[in-house]
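Listed here are the chains, written in short residue letters.
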Amino acid sequence: MAKVISFSSQKGGPGKTTMTLLLAAYLYGKGHRVLVFDADSPQHSFNMTRQQDIRKDAAGKSRVDRLLSAGHPLYPVSVTSVEELAASLAVLKTTKDADFILIDLPGTLNVPSIHSLARLIDVAIVPMELEMKSYMSGMETLDFYTHFSPDTKLGVVWTKLKSAHNTKLKKQLEVLMRERNSYVFTYALNETVTIGQRISSLFPLPEIEPFALELFNVSGLLSQ
Ligand SMILES: Nc1ncnc2c1ncn2[C@@H]1O[C@H](COP(=O)(O)OP(=O)(O)OP(=O)(O)O)[C@@H](O)[C@H]1O
Ligand SMILES: [Mg+2]
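From a predicted model like this one, the values you see are computed outputs, not experimental measurements.

Draft legend 1. Molecular detail of the site of ligand 1. The local shell around ligand 1 holds 16 residues, among which Gly13, Lys16, Thr17, Thr18 and Thr192 are the closest. Threonine 192 is positioned such that a nitrogen or oxygen atom in its backbone is 2.9 Å from a nitrogen atom of ligand 1. Here ligand 1, which alone exposes 630 Å², has 74% of that area covered by the protein. At the level of secondary structure, the elements contributing two or more residues to the shell around ligand 1 comprise helix H1 (16-29), strand E7 (185-190) and helix H8 (195-198). The element best represented in the shell around ligand 1 is H1, accounting for three residues. Class assignment of the residues belonging to the shell around ligand 1 gives a composition of three nonpolar, nine polar and four charged.

In structure tokens, the structure reads:
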């Protein structure tokens with residue numbers, strides 16, 4: 001069975017798509033078979049990044065040609081909707097062609113079919129910035145999964161952390177999360193001014209490696 005991982009948060013802009021791109025490129029780079037469903041209408045930012053990846057330059061070349069000439073087929077990115085995905089994901093998970101299915105979800109949890117989709121997600125990771133609004137809506141997202149999909153493993157990734165941020169507060173919030181939700185791991189991705197320019201669906205960035213190792217270590221995803 002393919003494992004389904006999704007970054008999920010009701011707050012706009014904490015880094016859902018960035019984290020999905022980073023993890024997808026990392027898994028692809030490690031040779032895992034990846035499928036991505038971009039269900040975040042109308043912007044479909046994951047797919048936009050894929051389109052940039054494959055766009056050719058004036059000389060008719062794209063960076064992707066290097067991958068293709070090395071015999072490394074691109075993993076598919078499908079633009080879809082929550083409803084469509086909820087109707088098909090149970091069958092998609094049984095495919096022999098994928099090890100991991102990553103889903104870029106819309107921010108709102110107020111869409112039809114989101115409950116049945118949530119129950120098919122193996123690991124949901126909530127990206128949070130270390131500020132109150134992001135924390136509050138992140139907690140709502142964690143509570144949503146705890147309540148409606150108790151088998152989904154939960155994680156939190158602090159995004160855009162600055163060195164000036166209060167690490168004591170961060171630790172206190174992590175204790176609160178663990179008290180309210182059955183399983184939580186946390187990891188911090190520091191603020192990186194250039195991440196938006198370097199991001200790619202295909203070429204892994206080094207920032208993600210410690211997060212990915214932590215994710216697989218704690219969730220046991222690779223050993224199942
Ligand atoms: N660690 C980081 N450091 C600096 N900037 C970041 C980091 N992570 C994400 N960003 C930037 O924050 C912005 C929002 O990120 P992203 O689009 O991934 O968020 P999102 O949660 O998917 O947003 P939306 O709710 O619109 O789907 C982007 O400009 C992205 O480059
Ligand atoms: Mg997004």
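Draft legend 2. Fine view of the pairing of strand E2 (residues 34-38). Extensive coverage of E2 is indicated by the burial of five of its five residues. Neither face of E2 is exposed, since Val34, Val36 and Asp38 on one face and Leu35 and Phe37 on the opposite face are all buried. Judged from the five bridges that link them, E2 and strand E4 (residues 100-104) form a sheet pairing that is parallel. Its bridge partner lying in E4, aspartate 38 is registered against aspartate 104. Bridging between E2 and strand E3 (residues 77-79) involves three bridges; their strand directions are parallel. The residue bridging phenylalanine 37 from the neighbouring strand is serine 78, located in E3.

Procedures and definitions
- Residues numbered from 1 in each chain as written.
- Chains lettered and ligands numbered in written order.
- Predicted model: local features only at pLDDT ≥ 70, side-chain atom pairs only at ≥ 80, totals over all residues.
- Heavy atoms only, no water.
- Near = heavy atom within 4 Å.
- Polar contact = N/O pair within 3.5 Å; in protein donor to acceptor, adjacent residues only side chain to side chain.
- Areas by Shrake-Rupley, 256 points an atom, 1.4 Å probe, with all protein chains shown as cover.
- Helix = DSSP H or I, 4+ residues; strand = E, 2+ residues; numbered from the N terminus.
- Nonpolar A, V, L, I, M, F, W, Y, C, P; charged D, E, K, R; others polar.
- Buried < 20%, exposed > 50% of the residue type's maximum accessible area, 1.4 Å probe, protein only.
- Pairing = 2+ DSSP bridges.

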